Amino acid sequence: MEFHVYDTAREACEAAGFLFAAQITRKGDSILGLATGSTPIPAYEMMVEWHKRGVLDFSRIRTFNLDEYVGIDYKNPLSYHAFMEENLFGKVNIRKENIHLPSGNAAADGEAYDKMIRDAGGIDIQLLGIGRNGHIGFNEPADEFTYGTHVVTLTEDTIEANARFFKSADEVPRQAISMGVGNIMAAKCVVLVATGANKAQAVYDTIRGPITPRVPASILQLHPCCVILADREAASLMKD
Ligand code: F6R
């Protein structure tokens, strides 16, 4: 596990942008695993900028997103479909048919999503944020790890953390569909970005704690190619 600390959140996230740009440059038909939330936005801004300058070509890139809320139409501006369109897909030359997100339809088929990822050849590089409770994707703290894409009930902590995107916590969907820990571990390389003081405990537990489904990100200790990029605040408990 590689761990790098940066002065600012922007620098930590831009480092992730560099890794994704390198992957796209090295292999033009890469399979990217993508995340939503506040953390990755600077990485997407960099990729868009480099695309505009002619450096990055997305015409053969395929993407699989980690998760989507259940019960939110994909056209809803608060959906993760809309987030990705606004922050990346609508601004680069990716082909619509190469974009994949789990469906927020309650009857969504997680196994079909897993099969699509496998049939595409597997994810080359997976971008992750981290919840303050240690979740990755929406794999919430639990008694056991879940392998494949599945519907999850969000914890109160996650609902509260994500309420900032909605009018109130009451409007945050109670369920999401998320890639499982197995999907994430199957990615050839994983890049986790953690920024802000409220992620410090999760970063510490992920890197120094026991491997446990109570801290889902801790499983990344076993990943052969995992890079964790943090700002000083998120790395503040990692002193010695
Ligand atoms: C988003 C996702 C989540 C977020 C995490 C951190 O696709 O899977 O695990 O990465 O909740 O969110 P932010 O970046 O908003 O703090």
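In the block above lies the structure referred to throughout.
In this report, the structure presented in the accompanying data block is examined.

Calculation notes
Residues numbered from 1 in each chain as written. Predicted model: local features only at pLDDT ≥ 70, side-chain atom pairs only at ≥ 80, totals over all residues. Heavy atoms only, no water. Helix = DSSP H or I, 4+ residues; strand = E, 2+ residues; numbered from the N terminus. Rg over C-alpha atoms; globule rule 2.2 N^0.38 Å. Buried < 20%, exposed > 50% of the residue type's maximum accessible area, 1.4 Å probe, protein only. Contact = heavy atoms within 4.5 Å. Lys, Arg positive; Asp, Glu negative; His and termini not counted. Charge placed at Lys NZ, Arg CZ, Asp CG, Glu CD. Pairing = 2+ DSSP bridges. Axes fitted to C-alpha atoms, helices over the stretch in contact; angles between N-to-C directions. Near = heavy atom within 4 Å. Polar contact = N/O pair within 3.5 Å; in protein donor to acceptor, adjacent residues only side chain to side chain. Areas by Shrake-Rupley, 256 points an atom, 1.4 Å probe, with all protein chains shown as cover. Nonpolar A, V, L, I, M, F, W, Y, C, P; charged D, E, K, R; others polar.

Below, the discussion takes up the overall build of the protein chain. Scanning the protein chain for helices and strands turns up 7 helices and 10 strands. In terms of overall dimensions, the protein chain is globule-like: its C-alpha atoms have a radius of gyration of 17 Å, near the 18 Å expected for 240 residues. Out of the 240 residues in the protein chain, the part that is buried amounts to 56%. Considering only contacts within the protein chain whose residues lie at least 6 apart along the sequence, 80% involve residues at least 24 apart. Within the protein chain, the 31 negative side-chain charges are centred at a point lying 5 Å from the centre of the 23 positive side-chain charges.

All right, on to the sheet that holds strand 4 (residues 67–69) then. Each strand in a sheet pairs with another by means of backbone hydrogen bonds, the pair being arranged parallel or else antiparallel. The strand order across the open sheet formed by 3 strands is 4-8-7, and the pairing between neighbours is antiparallel. In this open sheet, the two strands that pair with only one neighbour each are strand 4 and strand 7 (150–153). Strand-to-strand twist across the sheet, computed as the mean angle between neighbouring axes with direction ignored, equals 25°. Relative to strand 8 (residues 175–178), strand 4 is paired through 3 bridges, and the arrangement is antiparallel. Bridge pairing links Tyr-69 to Ala-176 in strand 8.

Next up on the list: the site of the ligand. Around the ligand, the structure places 14 residues, and the nearest of them are Thr-39, Asp-67, His-135, Gly-137 and Arg-164. Contact between the ligand and Thr-36: an oxygen atom at 2.8 Å from a side-chain N or O atom of the residue. In this structure, an oxygen atom belonging to the ligand sits 2.7 Å away from a side-chain N or O atom of His-135. In isolation the ligand exposes 410 Å². Once the protein is present, 94% of that is buried. Tallied by class, residues from the shell around the ligand come to 3 nonpolar, 8 polar and 3 charged.

In short, geometric facts, not functional conclusions.
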